[in-house]
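Structural description and commentary
The primary structure of each chain is shown beneath.
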Amino acid sequence: MLILHDMQAIHWVFAGLGISFVTLALLAIANRRLGVSTGFEDVCSLVLDAPYFKRSAVTGGRPWRLPLLGGLVIGGVLSAVLGGGWSPMWDLGMFDTEIGWWPGGKVVWMFVGGLFIGFGTRLAGGCTSGHGIFGLSNLEIPSLVTTVSFMASGVVTTNFLYRVIL
Amino acid sequence: MVLLYLALGTLFGFVLSRSGAADYDFIQGMFLLTNFQLYGIIGSAVAITAPSLWLLKRYGKTLTGKPLVVELKPGHRGNVVGGILFGVGWSITGMCPGPILVNIGEGKIYALAALAGGLIGAAVFGVAYPRLQQPMGLPLLARGTGDG
């Protein structure tokens with residue numbers, strides 16, 4: 001069950017089909033390589049002057065990546081609205097039952113996790129979509145190395161938290 | 001074209017939201033090896049995309065007739081080090097970059113903190129790039145670590 005309105009999750013094969021459709025449409029229509037984490041750099045490039053954010057790979061991607069990122073937010077809104085209504089919430093599933101921190105603690109927890117995500121994905125050159133979906137589908141070795149690295153590290157971290165500490 | 005990217009992003013976000021890919025419990029279940037759902041999602045997405053992508057590259061043109069060229073991501077030590085750091089972040093938050101935005105859309109307030117962290121993390125990386133280049137074996141700044 002999903003945290004969102006306790007909905008039943010759709011079967012994984014429909015999710016796989018949907019993600020494939022988006023990946024292939026981006027490539028077939030516009031010759032774009034699916035990827036989300038570079039979009040974070042695009043956002044940074046709107047306000048930062050460092051040479052890294054002045055590269056054409058970053059600024060040239062803004063016209064398509066920023067709308068894609070905006071769409072992800074809209075998709076979440078639609079999902080909530082159609083699934084029982086949109087309302088702000090702090091619900092965090094097993095984090096609430098096992099750890100049970102108040103909202104302020106969750107904000108710090110999420111911010112720290114976000115730092116790892118932002119720095120780590122950009123150092124690795126991509127995230128679950130760019131390396132895990134597109135890179136693996138394109139049989140790229142760096143994507144396999146990255147995907148194995150983040151999956152292994154996630155397994156270790158979650159098991160350490162929920163099975164060792166708690 | 002902006003509307004196309006917006007529409008594809010919306011479909012992507014909706015699917016991530018309804019499948020559990022943007023759900024804290026499903027992500028922890030994946031890492032605890034107690035829930036198959038995310039392996040099914042990523043596995044089927046790759047299994048369907050891989051042959052289709054191969055055919056598209058063979059065809060070599062986009063639907064509008066422009067050349068279809070897939071630029072490969074470079075390999076470097078950052079793949080491993082960055083991958084490990086990202087895995088820690090994915091486990092802590094239960095979100096990877098796409099689902100951070102999906103969770104914000106769903107109304108989950110704490111996801112805004114994850115986004116703030118993600119943007120600052122990416123900013124720190126970009127500013128530190130010249131210093132990371134040698135130890136991590138990263139490509140020239142003009143190329144970067146790979147878009148995605």
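First, a word on what this report is: a plain description of the structure on this page. (Residues numbered from 1 in each chain as written. Chains lettered and ligands numbered in written order. Predicted model: local features only at pLDDT ≥ 70, side-chain atom pairs only at ≥ 80, totals over all residues. Heavy atoms only, no water.)

1. So, the overall build of chain B
In terms of helices and strands, chain B carries 6 helices and 0 strands. Tracing chain B from N to C terminus, the helices and strands come up as α-α-α-α-α-α. For chain B, the spread of C-alpha atoms along the three principal axes comes to 40 × 40 × 30 Å. Looking at chain B as a whole, 60% of its 148 residues are labelled buried. (Helix = DSSP H or I, 4+ residues; strand = E, 2+ residues; numbered from the N terminus. Buried < 20%, exposed > 50% of the residue type's maximum accessible area, 1.4 Å probe, protein only.)

2. What about unusual backbone geometry?
Phi angles above zero are rare outside glycine, and A:His5 is one such case at about 55°. Secondary-structure assignment places A:His5 in the segment before α1 (12–30). Unlike most non-glycine residues, B:Leu33 shows phi in positive territory, near 60°. When you line up the elements, B:Leu33 lands in the loop between α2 (24–31) and α3 (37–59).

3. Some details on the pattern of salt bridges
All names here are of chain A. Throughout the structure, instances matching the rule amount to 8 salt bridges over all chains. Residue Glu41 pairs with Arg122 through a salt bridge whose shortest N-O separation is 2.6 Å. Here the residue Glu41 occupies a position in helix α2 (residues 37–45), and Arg122 occupies one in helix α6 (residues 103–124), the gap between them amounting to 81 residues. For the residue pair Glu41 and Arg122, the accessibility class agrees, reading buried in each case. Ionic pairing is found between Arg65 and Asp42, a salt bridge with its closest N-O pair at 3.1 Å. One end of the pair, Arg65, is in helix α4 (residues 62–82); the other, Asp42, is in helix α2, and 23 residues separate them in sequence. With respect to burial, Arg65 and Asp42 carry one shared label: buried. One connected set of salt bridges, linked through shared partners, spans Glu41, Arg55 and Arg122. (Salt bridge = Lys/Arg side-chain N within 4 Å of Asp/Glu carboxyl O.)

4. Section: the environment of A:Leu66
Residues and elements named next belong to chain A. For Leu66, the location among the structural elements is in helix α4. For the pair Leu66 and Ile133, spaced 67 residues apart in the sequence, the C-alpha separation amounts to 20 Å. Contact partners of Leu66, with chain neighbours within four places excluded, come to Gly39, Asp42, Val43 and Leu46. (Contact = heavy atoms within 4.5 Å.)

5. Quick look at the packing of α6(A) against helix α4 (residues 78–93) of chain B
Following both chains from N to C, one finds α6(A) and α4(B) inclined at 155°, their axes separated by 7 Å at the closest point. Taken as axis vectors, α6(A) and α4(B) run roughly antiparallel relative to one another. Pair α6(A) / α4(B) crosses with left-handed handedness. Contact residues: α6(A) offers A:Trp109, A:Met110, A:Gly113, A:Gly114, A:Phe116, A:Ile117, A:Phe119, A:Gly120, A:Thr121, A:Leu123 and A:Ala124, while α4(B) offers B:Gly78, B:Asn79, B:Val81, B:Gly82, B:Gly83, B:Leu85, B:Phe86, B:Val88, B:Gly89, B:Trp90, B:Ile92 and B:Thr93. Across the contact of α6(A) with α4(B), the residue classes tally to 13 nonpolar, 10 polar and no charged. (Axes fitted to C-alpha atoms, helices over the stretch in contact; angles between N-to-C directions. Parallel < 35°, antiparallel > 145°, perpendicular 65-115°, else oblique. Left-handed = near helix turned anticlockwise from the far one by under 90°. Nonpolar A, V, L, I, M, F, W, Y, C, P; charged D, E, K, R; others polar.)

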